[in-house]
Amino acid sequence: MKATTTQKMSIRQLLAPALLAIAIAPLAITAQADNHGDHEGTGPDHERMVERMEERRQAVYQRAEISEEKQAELNEAHAEHREAMHALREEHHERIAEILSDEEQEALRSAMHDVREEHRSEHGKRGHYVDSKNGADSE
C-alpha cells in the first residue's frame, strides 16, 4: 500500500503544474480580453466572465487539493501578475504613441487586422493550411 501512496503523490506532483496552468488560463484570457473591446473591464459580459473564471479556478483548486491558505496566495500572485501586465501594456501603448501619430497607429491597426484575416482565410481557424482548390486542410 505504501507504494500506491507514493505513486499517488508522484502523480499529484506531476499533475500539479498542469492544474496550475489550467487555473491560470482564465486569468490570461481576462488579460487578453481586457486588451480588446471593453477597455474599462466593466459591464455585464465582463462580470459574467469573471464569475465563470472564479468558479473554474475554485474547481481546479479543489481538484488539486490546494489549501485555502495557498489558494489565497495564488490568487494574490495572479492579481499582482495581472496588474503588472496591465501596467506594462499601458507603458507599451504610451511608447507607441510617442513613435507613431494617431493616423499611423490607425493604419498599423488596420494593416494588422488585414494580415490576421488573410492568415485566417489561408490557414483556417486553427492555423491549418486550407487548400483553396480542394477545400481540404493539410499540415
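Everything discussed here concerns the structure shown above.
So, how was this worked out
Along each chain, residues carry numbers from 1 onward, in the same order as the chain's sequence is written. The model is predicted, so local features are restricted to residues of pLDDT at least 70 and side-chain atom pairs to those at 80 or more, both for listing and for counting; the totals for chains, interfaces and linings are taken over all residues. Note that the side-chain values use all heavy atoms of the structure and ignore hydrogens as well as water. Per the convention used, a helix needs a DSSP run of H or I reaching at least four residues, while a strand needs a run of E reaching at least two, with both numbered from the N terminus. Multiplying 1.5 Å by the helix residue count minus one yields the expected span of that helix. Each residue gets one of three labels from its accessible area relative to the maximum for its type: buried under 20%, exposed over 50%, partly exposed in between, using a 1.4 Å probe on protein chains only. Each C-beta atom gives one direction from the helix axis, and the arc is the one those directions make. A pairing counts as a salt bridge when a side-chain nitrogen of Lys or Arg comes within 4 Å of a carboxyl oxygen of Asp or Glu.

K.L.:
Got a minute to help me understand helix α2 (residues 44-63) in this structure?
P.N.:
Side chains that are three or four residues apart share a direction in an α-helix, a result of its 3.6 residues per turn. In a regular helix each residue adds 1.5 Å, so 20 residues correspond to 28 Å; α2 covers 29 Å between its end C-alpha atoms and thus fits that length. All of the buried residues along α2 are His46, Met49, Met53, Arg57, Val60 and Tyr61. Buried residues of α2 fall within an arc of 105° about the axis and therefore sit on the same side. Facing away from the buried side of α2 by over 90 degrees, the exposed positions are Pro44, Glu55, Gln62 and Arg63. The first or second residue beyond α2 is Glu65, which carries a positive phi of 55°.

K.L.:
In this structure, what is going on with the pattern of salt bridges? I would like to understand it.
P.N.:
When their charged atoms lie close together, side chains carrying opposite charge are able to pair. The final tally for this structure, using the stated rule, is five salt bridges. The shortest N-O distance in the salt bridge between Arg48 and Asp45 comes to 2.3 Å. One end of the pair is Arg48 and the other is Asp45, both in helix α2 and three residues apart, which spans about a single turn. The exposure class of Arg48 is partly exposed, given its relative accessible area of 44%. Taking the relative accessible area as the measure of exposure, Asp45 reaches 54% and is therefore exposed. For the salt bridge of Arg57 with Glu54, the shortest nitrogen-to-oxygen distance reads 2.4 Å.

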